[in-house]
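# Observations on chain architecture
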Amino acid sequence: MRALSERPSTPHPDTTRRRNPITRGVERTRDGLGRHRTTRWLFGGAESDVSHTLRQGMLAALMIMVGSWGVGWLAMSPTSLLALHPWLLPLRSTTAGVVTCTVLLTFGALLLLRSWLRLAQRVGQWSAEATGVMYRATAMWGGPLLLTIPIFSRDVYSYLAQGRLLFLGENPYETGVSELPGWFMAGADGLWAESPSPYGPLFLMISQSFWYLSDGIPEVAVALFRLLSVVGVLLMLAFIPRLARAFGSEPSWALWICLLNPLSLLVFLPAAHNDSLMIGLVLAGCWYALQKRRLVALLLLVAAVAIKPIAMVILPFAVLLSVDSTKSYLLRIREWGVAGLLGGGALVLAGYALGIGLGWLPSALAAGSAIEPVAPVGLLGTGAGLFFEWIIGADPELIAGWFYTLARLAAAVVLTVMLLRLPLGTSPRENLVLWSGYGLTVVVLSSTVLQPWYLLWLLPLFAVVHVYQGRLLMWVSLLITVLVLLSMVGQLSVAQWIDTLVVQSIAMAVAVVYLLYIIAFDPHTSELFHMRRRSARWNADEGWTVLRSRR
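Every chain is numbered independently, its residues counted from 1 as its sequence is written. Two thresholds apply to this predicted model, a pLDDT of at least 70 for residue-level local features and 80 or more for giving and counting side-chain atom pairs, whereas whole-chain, interface and lining totals are computed over all residues. Side-chain descriptors were evaluated using all non-hydrogen atoms of the structure, hydrogens and water having been removed beforehand.

It is worth spelling out a nonpolar patch on the surface at this point. What goes into a patch is any residue over 30% in relative accessible area without a salt bridge, connected to like charges within 9 Å or, for nonpolar side chains (Val, Leu, Ile, Met, Phe, Trp, Tyr), within 5 Å. Residue exposure ignores everything except the shown protein chains as possible cover, and the areas themselves are Shrake-Rupley values with a 1.4 Å probe. We define a salt bridge as a contact between a side-chain nitrogen of Lys or Arg and a carboxyl oxygen of Asp or Glu at a distance within 4 Å. A cluster of nonpolar residues, Met76, Leu84, Leu89, Phe184 and Met185, forms a patch on the protein surface that exposes about 510 Å² of accessible area. Strands here are runs of E lasting at least two residues and helices are runs of H or I lasting at least four, both read from the DSSP assignment and numbered beginning at the N terminus. Structurally, Phe184 is set in the loop between helix 6 (155-167) and helix 7 (201-214).

Turning to the sheet that holds strand 1 (residues 467-469), a few remarks are in order. Hydrogen bonding along the main chain pairs the strands of a sheet, whether they run parallel or antiparallel. One open sheet holds the three strands; their spatial order is 1-2-3, and the pairing between them is antiparallel. Where the open sheet ends on each side, the last strands, each with one partner, are strand 1 and strand 3 (543-546). The mean inter-strand angle of the sheet, taken between neighbouring strand axes irrespective of direction, is 25°. Summarising the sheet, strand 2 (residues 536-539) and strand 3 pair through four bridges and their orientation is antiparallel. Opposite Asn539, over in strand 3, you have Gly543 as the bridge partner. When DSSP finds two or more bridges between two strands, those strands count as paired. Under this scheme, a helix contributes an axis fitted over its contacting stretch, all axes are lines through C-alpha atoms, and angles between N-to-C directions fall in the 0 to 180 degree range.

Our next topic: the pattern of salt bridges. In this structure the tally under the stated criterion is four salt bridges. Across the salt bridge formed by Asp522 and Arg114, the nearest N and O atoms sit 2.6 Å from each other. Of the two residues, Asp522 is situated in the loop between helix 21 (500-521) and strand 2 and Arg114 in helix 4 (residues 95-123); the sequence distance between them amounts to 408 residues. In this structure Asp522 comes out as buried when scored by relative accessible area, which is 0%. The partner of Asp275 in a salt bridge is Lys308, and the shortest N-O contact between them spans 3.1 Å. Residue Asp275 is located in helix 11 (residues 275-290), and its partner Lys308 is located in the loop between helix 12 (294-307) and helix 13 (315-318); the two are separated by 33 residues in the primary sequence. Accessibility assignment for this pair places Asp275 and Lys308 in one class, buried. One connected set of salt bridges, linked through shared partners, spans Arg294, Arg334 and Glu335. Only protein chains enter the area calculation, which uses a 1.4 Å probe; residues under 20% of their type maximum are buried, those over 50% are exposed, and those in between are partly exposed.

See the structure below:
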């Protein structure tokens, strides 16, 4: 175990482990490229020099950008500016163009992953100087991603369609986007065609205004939604370091794990998801609650709920950050009561301002119910339904529905117990955000649907309290890698006359080969994937603590 005063650092690769011929050959090739004047700007350099890694990450972002032009999700509506653009047609309508863009996209995503891992190694000691490096990396890697055609997800077109529904006087919590003429050509995903909107009233008001401002031009609307996502990213850049310093974590590490990982960059920028705005508002609310600015904190937290109602799970933990002690249950109830009255009143007014009353709440909380359950709880419920159908002839959908309801009730009970058993001390602030992370994890795992970006909701709630290393960090890195690759390969927009299975097979082959290289043969990143380092977490007040498996 390390000394309590020692700040967290990332171990540099152990050169004594470079035994296999492939690794030695890669090292010699890289050394040669690093000495050549035409390539040394991208390869080589001292291990403490982060500039090469920053440039490699920017090159990866440029590859993703160009790749998206051929296989990204493009609206084919008559108002689209790019649907029939002569520069894009060869990339989207020919086999050679599609395959080339697929390889660029997949290889770029993995190169971005490697750059993310190498950035942690090259900064060495996490420090204030490393925080500045994280800001530079965000700008250099994120800039090209703003010029992509939507990839990873096409939910941004569903945002626009729901705004259009509201603009036409329809209730998106009762009417699916399939009621709109030409909805499919406008880019919306068929999975959401008849589903109620899972978003809060504030986000629907924004979507309505973006439909009006864009005049129905999808590319303009996508740009507006990306700007909204950038606002969320900027909030994260501002408040993750502040919370990390307040709670005793390391700001540079928290930015690295929360914002610079490829999953975050691809979800927040190319896909233009509203998750970044929700997360940014939650973190800002936590910070202002910590500063005892109750009203500002509550408004920010309620705004996060009005973007995505899942933020409601964090709110009862976050409002307690304003009090000096949670020892009194009456004090907790008072804080929750005030937050409930003010926040609930604001949400009710927003609902009636949209003409939907309180109808948005049950629809938003049941988000994902129209999608095939693929989460562990969803699979268990489906299995239970089939089992009882076989045993007693019961209705499998009815049994599965009961199972899902029990899972939600169990999550509610766990949350209630957590809120009543918060640490009873004079300064529990460092625990409240962490406990909200535990609570949100319970809710996510009890859901019938798990989307890759749900992980991004959880990361900041843990990272601003502790720095994690060892096997736990390795498994999180692998999880991020798998989620990126599966979503990237499964979310390719390929013309009907081109064999999608062949294109996906090529993408998967590129992904497997390069991923194997990163994990097993890269002379630097392979060191990060060894199981011998025990999981540990660090905090300024506690130093390093080894995490036992029973925890």
